[in-house]
Amino acid sequence: MSVPLAMAVALCGPLAGAVLIALFGRRPNLRDGAMIAASVATFLAVWRVLPAVEAGGRPELLLFDFVPGLGIRFVVEPLGMLFALVASFLWIVTAFYAIGYMRGHHEENQTRFYICFAIAISAALGVAMSGNMLTLFIAYEVLTLSTYPLVTHHRSPESMRAGRTYLGILLSTSIGLQLVGIVWTYGAAGTLDFTPGGILAGKVEGWGLILLLFLYMYGIGKAALMPIHRWLPAAMVAPTPVSALLHAVAVVKAGVFTVLKVSIYIFGVDYLSETGASTWLMYVAGATIVIASLVALTKDNLKARLAYSTVSQLSYVVLGAALSTSWSVVGGAMHIAMHAFGKITLFFCAGAILVAAHKTEISDMGGLGRRMPFTFAAFAIGALSVTGLPPLGGAWSKWYLGLGAADAEQLIFVAVLMISSLLNVAYLIPVAARGFVSLKNGAEPVPQSAGAAAAPAHDDHGDEGGGIREAPMFCVVPLCLTALGCLALFFAADDIAAFLAPIAER
């Protein structure tokens, strides 16, 4: 298979999978098998492109031009290759997990769910492989529209309100801000192609450059910078596989990927550094990192706590782009992969706990790890990786970001990263710890949910009696694999950093 053909298969494979899923909708085993087959085929096609990019090539696929030099064009460079590999591999894991979760939780409308999921993956890969800002914008919008039915999957009043928030914020920011920035960029530079070194140097200057950067950074709503982050916690009403899609596989990663892509190939790292145009963005990202972590500390609902954790962690990537050093750009790119594996593990665990024990509030989970040791052990690994402790992948991305802050002589952001890691410990590690500790003879830590306070002291899913009661195997095996992935990424960090080095060349 030629490399351009492999790119086409990667982009269209999920769409073909969506068609098969629809055709086999009344036969669940065939439908689920089609989803798994499509996910594996897509990953293999993406993997086929990797050697060409490693060798220094930039494989290209041009569909058509609207006008000469401006059309639907796909080009794969190291940053896009990393995102495509992460998204396509985690689709395989999430496909298996979704089968266990959707069946174990007796969810309705599973066929529609899997169809929209496949379309969203295709759009995410379109974002990853985009060769210009127009192509990226179109794929970005398809991703928003295809995930709306997933957020509103339950069709309850709560999920419909969350869906309106989700769609309203993401569409209004992308059309009202990002699209304006794209038109301005084309008018100033005469091109929207992603070009090493950027395309705006000497063409947009001063306050105009700062304003244009603002249009992009807040127009990329999926990056969830405060105060336009509300769509992300609101979307937690969706089934857990959707939360995994939002937080690890596609949606938010498409947001911070776009932030990096725009910073590197539209503005140019050197130009941002020389002009100081991104200084304001450093402080916005730093504030988001700390404030979202503090909010996470107040949440007793596990998915809500993880959602605010994601808001915080996304701004690590934004901070990496804003610092505009070689170290910080590589660190931000690495954090896309490191956070993806850590956070998908945490959400998989949250879903497994819901399926097996019907628990959503952290204050209800005392001693539950004795019944679900694999789930809570995996949660501990994912939490430690997100926190940034070795030997887990998150340690390296945070290290590179810290070096980037030091290189930019912005020591305040070294402090922000350190404070954030301590807050990560405070809101994540106790979740895993309480799972292996019975709290019935001690004081119950606050906050405690009203449901927990009203519940009887004996919990059939706690540490009393019985043996292991894990979620279905299709839930437990994926979360164990992604936890192992957090460990594997620690030892692969040198290779990943070397692979990403060209994006930061001065």
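Predicted, not measured: the structure shown is a model, and the values here were computed from it. In this convention, every chain numbers its residues from 1, walking through the sequence in written order. Local features in this predicted model are restricted to residues whose pLDDT is 70 or higher, and side-chain atom pairs enter the listing and the counts only when it is 80 or higher, whereas totals over whole chains, interfaces and linings include all residues. Water and hydrogen atoms play no part in the side-chain values, which are based on all heavy atoms of the structure.

A. Broad picture of the overall build of the protein. Regarding its fold elements, the protein presents 20 helices and two strands. Each radius of gyration is computed over the set of C-alpha atoms, and the globule rule expresses the reference value as 2.2 Å times the number of residues to the power 0.38. Taken over the C-alpha trace, the protein has a radius of gyration of 22 Å; the compact-globule value for 506 residues is 23 Å, and the two agree within 12%. Dimensions of the protein, computed from C-alpha atoms along their principal axes, come out at roughly 70 × 55 × 45 Å. Relative accessibility decides the category of a residue: with a 1.4 Å probe and only protein chains considered, values under 20% of the type maximum give buried, values over 50% give exposed, and everything between is partly exposed. Buried positions account for 61% of the 506 residues belonging to the protein. Long-range contacts, defined as pairs at least 24 residues apart, comprise 80% of the intrachain contacts of the protein with a sequence gap of at least 6. For accessible areas, the Shrake-Rupley method is used with a probe of radius 1.4 Å. Any residue's cover is judged against the shown protein chains and nothing else. Surface exposure of the protein reaches about 17,900 Å², of which carbon and sulfur atoms provide 68%. Think of it this way: any DSSP run of H or I at least four residues long counts as a helix, any run of E at least two long counts as a strand, and we number them from the N terminus. Any two residues whose heavy atoms approach within 4.5 Å at even a single point are treated as in contact.

B. Main features of the packing of aromatic side chains. The pairing test for Phe, Tyr and Trp rings, Trp by its six-membered ring, is centres within 6.5 Å, and the orientation test on the planes gives stacked under 30 degrees, edge-to-face over 60, and tilted for anything in between. Going through the model one piece at a time under the given rule, you end up with 21 aromatic pairs. Ring centres of Tyr 97 and Phe 348 lie 4.0 Å apart, and the angle between their planes is 15 degrees; on these two criteria the pair is classed as stacked. Linking Tyr 97 in helix H3 (residues 78-104) with Phe 348 in helix H14 (residues 326-357), this pair joins segments that are 251 residues apart in sequence. Both residues of the pair, Tyr 97 and Phe 348, count as buried. When the centroid spacing of 5.2 Å and the interplanar angle of 85 degrees are considered together, the rings of Phe 490 and Phe 491 count as edge-to-face. The class of Phe 491 is exposed, set by a relative accessible area of 60%. Three or more aromatic residues link up through ring pairs in this structure, and these residues are Phe 43, Trp 47, Phe 89 and Phe 341.

C. Molecular detail of a nonpolar patch on the surface. A patch consists of residues whose relative accessible area exceeds 30% and which take part in no salt bridge; residues with like charges are grouped when within 9 Å of each other, and nonpolar side chains (Val, Leu, Ile, Met, Phe, Trp, Tyr) when within 5 Å. Salt bridges are defined by distance alone: a side-chain nitrogen of Lys or Arg within 4 Å of a carboxyl oxygen of Asp or Glu. On the surface, a cluster of nonpolar side chains totalling about 760 Å² of accessible area is made up of Phe 96, Met 473, Phe 474, Val 477, Leu 481, Leu 484, Leu 487 and Phe 491. Ranked by residue count, the leading element in the nonpolar patch is helix H19 (residues 473-491), at seven residues. Secondary-structure assignment places Val 477 in helix H19. When its relative accessible area of 38% is taken as the criterion, Val 477 is described as partly exposed.

D. Structural view of the side chain of Ser 293. For Ser 293, the location among the structural elements is in helix H12 (residues 279-297). Judged by relative accessible area, Ser 293 falls into the buried class, the value being 0%. Excluding residues within four positions of it along the chain, Ser 293 makes contact with Ser 312, Ser 420, Leu 423, Asn 424 and Tyr 427.

E. Region of interest: the confidence of the model for the protein. Scored by pLDDT, the protein has a mean of 89; 93% of the residues are at 70 or more. Across residues 441-465, confidence stays below pLDDT 50; counting only partners more than four residues off in sequence or on other chains, it has 36 contacts. Confidence per residue, as judged by the predictor, is encoded in pLDDT with a range of 0 to 100.

F. A look at the pattern of salt bridges. Evaluation of the coordinates by the stated rule reveals five salt bridges. As a salt-bridge pair, Arg 31 and Asp 32 come within 2.9 Å of each other at their nearest N and O atoms. Judged by relative accessible area, which is 3%, Asp 32 ranks as buried. Taken together, the shared-partner salt bridges in this structure form one network comprising Arg 31, Asp 32 and Arg 103.

G. Highlighting the packing of helix H10 (residues 251-267) against helix H13 (residues 302-323). Between H10 and H13, the shortest axis-to-axis distance is 9 Å and the interhelical angle comes to 10 degrees. One element, H10, and the other, H13, form an angle in the roughly parallel class. For H10 against H13, the interelement crossing comes out right-handed. Of H13, the residues touching H10 (which contributes Val 252, Val 256, Val 259, Leu 260 and Ser 263) are Thr 310, Leu 314, Val 317, Val 318 and Ala 321. Any residue that is not Ala, Val, Leu, Ile, Met, Phe, Trp, Tyr, Cys, Pro, Asp, Glu, Lys or Arg is counted as polar, Gly included; the first ten are nonpolar and the last four charged. Looking at the contact of H10 with H13 residue by residue, the class counts come to eight nonpolar, two polar and no charged. Fitting a line to C-alpha atoms yields each axis, with helices limited to the stretch in contact; the angle taken between N-to-C directions then spans 0 to 180 degrees. Relative orientations are named as follows: roughly parallel for angles under 35 degrees, roughly antiparallel for angles over 145 degrees, roughly perpendicular for angles from 65 to 115 degrees, and oblique for any other angle. Each crossing gets its hand from how the near helix is turned against the far one by less than a right angle, where anticlockwise is left-handed and clockwise is right-handed.

H. Broad picture of unusual backbone geometry. For the bond running from Met 226 to Pro 227, omega is 10 degrees, close enough to zero to count as cis. By the secondary structure assignment, Pro 227 is in the loop between helix H7 (206-219) and helix H8 (231-234). Here Pro 390 and Pro 391 are connected by a cis peptide whose omega angle stands at 5 degrees. Positive phi outside glycine occurs at His 358, with the angle close to 60 degrees. Tracing the sequence through the fold places His 358 in the loop between H14 and helix H15 (373-387). Phi at Glu 409 is positive, roughly 60 degrees, even though this residue is not glycine.

I. Local environment of the pairing of strand E1 (residues 60-67). Here six bridges tie E1 to strand E2 (residues 70-75), and the two strands are oriented antiparallel to one another. Residue Asp 65 lies in a different strand from E2, and its bridge partner there is Gly 71. Between the end of E1 and the start of E2, which pair antiparallel, lie two residues, with Gly 69 showing a positive phi angle near 85 degrees. Two strands are said to pair when DSSP picks up at least two bridges between them.

J. Looking closely at H14. A helix is expected to reach a length of 1.5 Å times the quantity of its residues less one. Here H14 contains 32 residues, and its C-alpha end-to-end distance of 46 Å stays within 8% of the 46 Å for a straight helix at 1.5 Å per residue. Note on bend: at a given residue it equals the angle between the axes fitted to the 7 residues ending there and to the 7 starting there. If you look at H14, its biggest bend is around 30 degrees, right at His 335. Burial analysis of H14 places 30 of its 32 residues in the buried class, which makes it a mostly covered element. Phi for His 358, located one or two positions after H14, is positive at around 60 degrees.

K. Looking closely at the packing of H3 against H19. Packing of H3 against H19 leaves a shortest axis separation of 7 Å and a crossing angle of 150 degrees. The pairing of H3 with H19 is recorded here as roughly antiparallel in orientation. For the element pair H3 and H19, the recorded crossing hand is left-handed. For the pair H3 and H19, the contacting residues are Leu 90, Val 93, Phe 96, Tyr 97, Ile 99, Gly 100 and Tyr 101 in the first and Phe 474, Cys 475, Pro 478 and Thr 482 in the second. Of the residues belonging to the contact of H3 with H19, the class tally is nine nonpolar, two polar and no charged.

L. The arrangement of the environment of Asp 193 in detail. On the secondary structure map, Asp 193 appears in the loop between helix H6 (157-189) and H7. Asp 193 sits in the partly exposed class, given a relative accessible area of 21%.

M. The arrangement of helix H17 (residues 411-435) in detail. If you check H17, its first and last C-alpha atoms are 37 Å apart, about what 25 residues at 1.5 Å a residue would give, namely 36 Å. At Ile 429, H17 shows its largest kink, close to 35 degrees, and the proline Pro 430 lies no more than four residues downstream.

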